[in-house]
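# Coordinate inspection notes
One letter stands for each residue in the lines below.
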Amino acid sequence: MDHFQYRDGSLYAEDVNLSDIAAEVSTPVYVYSSATLQRHFRVFNEAFEGLDALICFAVKANSNQAVLKTLAKEGSGADVVSGGELKRALLAGIPAEKIVFSGVGKTPDEMRDALSANIKQFNVESEAELEVLNAVAKSMNMIAPVSVRVNPDVDAKTHAKISTGKAENKFGIPWVRVSRVYARIAELSNLNAVGVDVHIGSQLTDLKPFEAAFRKVVDLVINLRTQGHDIQHIDLGGGLGIPYDPDAETPPSPGAYGAMINKVLGDLDCSIILEPGRLIAGNAGVLLTSMLYEKESENKVFYILDAAMNDLSRPAMYDAYHDIIPVKEPSQTGGEQGNKVSADFVGPVCETGDTFAKARPTSPMTAGDLAVIKSAGAYGAVMASTYNSRALIPEVLVSGDKFAIIRKRQSLEDLIKLDQVPYWLADE
Ligand SMILES: *Cc1c(COP(=O)(O)O)cnc(C)c1O
């Protein structure tokens, strides 16, 4: 459930009319709903009631300070994958003891920053990384708490570009090497193995791959304990899917996911960490855009929007489906069910891949109309680029009847100012 609903013929985010935001901030713009972020966090949290669970929001899904602060106030921790995300999480007030650091390529500088901050744990992804982390911790006279990210060789049955738990993926340590790696950690003076970590992919719409992976991890924890390692918690990663296309996808509810985990854990006596990203932020945001032109070709109609693939790259990158709906309620414009047209929603960027939807049934729109691309709160703004010298677009957060710009629109001056002309090309 989200808080983007029609009211009096117009689409609202909570109690704010989206056309008011467009009038004040201009389009394209990302709009997030605080109430939806809070609701998603609470529903997810409640699914683990009775378990010793820490929820670490995957910052890479949406790293805006205002979004992180909203979640921090709900008690969220953070899963970070870079020094930049670590800094953002700490600045937003997420306590270090609720921060875990994932990712296959942590640099010594990033390790140093995370150790100085005293984060909860490093999710280590290779044997080479272990040795470097040990050396960095030693130089600082510290002990680094580590979990090994294991690769359970389970097919997440999701898009190939967001599948991470198969043996062929770059993530995690191969199953057959895991025991040896924990033995090595025990030999290293400045590492302490505190847990096991797994994350098999994103946008999973079936519990079975999760369950298969988690069962393997539970067996592993039992084994590691008999080998003398004091494993206190399991990090089960993120990845639970959301309904982008309600007609096509019915992902399991957080409740069903929590119940499955409770069952799989049995009486293991282990605390757990969860790293949801998309589930919290995805349907808490929309990309508000205006239609610039309608263009008819021989056998189709293009709706050309002012938003493009550089603003929201998921359709181009993952063939992702996003619902697109007009801000003006269709029934008010004569666009009843029977009155639908088929249109390709595209952006202005010079790439055929700059297509948000192909042959999409839609109520008719005309130039100047506002529309939203739904489910854009996760992996939207964070993946934006300035391709075609299109400046980064703003982000707005709604709370009740209030809204605020939480990231201002980049100016073209600021965009171009990043370039530097070398002295031999400088004007006299
Ligand atoms: C991307 C990622 C997540 C979040 O995935 P969602 O599908 O957004 O829940 C969690 N953990 C790790 C290690 C990740 O890389």
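These remarks concern the structure in this document. Note that the structure is a prediction, hence the values are computed from the model and not measured.

Scanning the protein from N- to C-terminus turns up 12 helices and 21 strands. Taken over C-alpha atoms, the radius of gyration comes to 23 Å for the protein, in line with the 22 Å a tight globule of 428 residues would show. Counted over contacts in the protein with a minimum sequence separation of 6, partners at least 24 positions apart contribute 69%.

Next up on the list: the packing of aromatic side chains. A complete count under the given rule lists nine aromatic pairs for this structure. Here the aromatic rings of phenylalanine 101 and phenylalanine 122 are separated by 6.1 Å at their centres, their planes lie at 25°, and the arrangement is stacked. Placement of phenylalanine 101 in strand β7 (residues 99-101) and of phenylalanine 122 in strand β8 (residues 121-124) is noted, with a sequence separation of 21 residues between them. Here phenylalanine 122 falls in the buried class, since its relative accessible area comes to 1%. Here phenylalanine 210 and tyrosine 257 contribute two aromatic rings whose centre-to-centre distance is 5.1 Å and whose plane-to-plane angle is 70°, an arrangement assigned as edge-to-face. Of this pair, phenylalanine 210 sits in helix α8 (residues 207-226) while tyrosine 257 sits in helix α9 (residues 254-265), placing them 47 residues apart in sequence. The class for tyrosine 257 is buried, based on a relative accessible area of 1%. Every member of this aromatic cluster is reached through a ring pair, and the members are Phe44, Phe48, Phe210, Phe214 and Tyr257. The ring of tyrosine 12 has arginine 7 sitting right over it, with the charged end atom 4.7 Å from the ring centre. Directly above the aromatic system of tryptophan 175 lies the positively charged group of lysine 216, at a separation of 5.0 Å from the ring centroid.

With that settled, consider the site of the ligand. Taken together, the neighbourhood of the ligand is formed by 15 residues, with Lys60, Ser202, Glu275, Arg278 and Tyr379 sitting nearest. A distance of 2.7 Å is found between an oxygen atom of the ligand and a side-chain nitrogen or oxygen belonging to lysine 60. In the model, an oxygen atom of the ligand is placed 3.0 Å from a nitrogen or oxygen of the glycine 277 main chain. Notes on the ligand: free accessible area 390 Å², of which the protein chains cover 93%.

Two packed helices can be described by the angle between their axes and the distance between those axes. Interhelical geometry of helix α2 (residues 34-46) versus helix α3 (residues 65-73) gives an angle of 45° and a closest axis separation of 10 Å. Between α2 and α3, the crossing angle belongs to the class labelled oblique. In this structure, α2 crosses over α3, and the sense of that crossing is right-handed. Contact residues: Ser34, Leu37, Gln38 and Phe41 in α2; Val67, Thr70 and Leu71 in α3. Residues that form the contact of α2 with α3 fall into these classes: four nonpolar, three polar and no charged.

Further remarks concern the side chain of serine 76. Tracing the backbone shows serine 76 in the loop between α3 and β6 (77-80). Note on serine 76: relative accessible area 1%, which makes it buried. Once you skip the residues sitting within four places of it in the chain, serine 76 turns out to touch Phe41, Ile55, Phe57, Leu71, Ile94 and Lys98.

The subject of this paragraph is the nonpolar core. Counting 99 residues, the largest nonpolar core has Phe122, Phe214, Tyr257 and Ile261 as its most contacted members. Residues contacting phenylalanine 214, with those up to four places away along its chain left out, are Val198, Leu236, Tyr257, Met260, Ile261 and Val264. If you look at the next biggest cluster of nonpolar residues, it comprises 18 residues, including Ala13, Leu18, Leu288 and Val327.

Before going further, it helps to examine a nonpolar patch on the surface. A contiguous nonpolar surface patch, about 580 Å² in accessible area, is contributed by Val421, Tyr423, Trp424 and Leu425. Relative to the helices and strands, leucine 425 is located in the segment after α12 (412-417). We classify leucine 425 as exposed; its relative accessible area is 55%.

Within the secondary structure layout, glutamate 211 lies in helix α8. A polar side-chain atom of glutamate 211 sits 3.5 Å from a polar atom in the side chain of lysine 263. Look past the residues within four positions of glutamate 211 in its chain and what remains in contact with it is Met260, Lys263 and Val264.

Our focus in this paragraph is α9. With 12 residues, α9 should reach 16 Å at 1.5 Å per residue; the first-to-last C-alpha distance of 16 Å fits that figure. Of all the positions in α9, only Pro254, Tyr257, Gly258, Met260, Ile261, Val264 and Leu265 are classed as buried. Here the buried residues of α9 occupy an arc of 160° about the axis, which is enough to place them on one side. Buried residues in α9 make contact with α2, α8, β12 (233-235), β13 (271-274) and α10 (278-281).

Within the structure shown, the criterion is met by 16 salt bridges. Note that arginine 184 and glutamate 131 form a salt bridge whose closest N and O atoms lie 2.7 Å from each other. Of this pair, arginine 184 sits in helix α7 (residues 178-187) while glutamate 131 is found in helix α6 (residues 127-139), placing the two residues 53 residues apart along the sequence. Its relative accessible area of 31% is what places arginine 184 among the partly exposed residues. By relative accessible area, glutamate 131 is classed as partly exposed at 33%. A network of salt bridges, in which partner residues are shared, links Glu131, Arg184 and Glu187.

Definitions and limits used
- Residues numbered from 1 in each chain as written.
- Predicted model: local features only at pLDDT ≥ 70, side-chain atom pairs only at ≥ 80, totals over all residues.
- Heavy atoms only, no water.
- Helix = DSSP H or I, 4+ residues; strand = E, 2+ residues; numbered from the N terminus.
- Rg over C-alpha atoms; globule rule 2.2 N^0.38 Å.
- Contact = heavy atoms within 4.5 Å.
- Phe/Tyr/Trp six-rings, centres within 6.5 Å; stacked < 30°, edge-to-face > 60°.
- Buried < 20%, exposed > 50% of the residue type's maximum accessible area, 1.4 Å probe, protein only.
- Lys NZ or Arg CZ within 6 Å of the ring centre and 35° of its normal.
- Near = heavy atom within 4 Å.
- Polar contact = N/O pair within 3.5 Å; in protein donor to acceptor, adjacent residues only side chain to side chain.
- Areas by Shrake-Rupley, 256 points an atom, 1.4 Å probe, with all protein chains shown as cover.
- Axes fitted to C-alpha atoms, helices over the stretch in contact; angles between N-to-C directions.
- Parallel < 35°, antiparallel > 145°, perpendicular 65-115°, else oblique.
- Left-handed = near helix turned anticlockwise from the far one by under 90°.
- Nonpolar A, V, L, I, M, F, W, Y, C, P; charged D, E, K, R; others polar.
- Core = buried A, V, L, I, M, F, W, Y, C linked by side-chain atoms within 4.5 Å.
- Patch = residues over 30% accessible without salt bridge, like charges linked within 9 Å, V, L, I, M, F, W, Y side chains within 5 Å.
- Salt bridge = Lys/Arg side-chain N within 4 Å of Asp/Glu carboxyl O.
- Expected span 1.5 Å × (residues − 1).
- Arc of directions from axis to C-beta.

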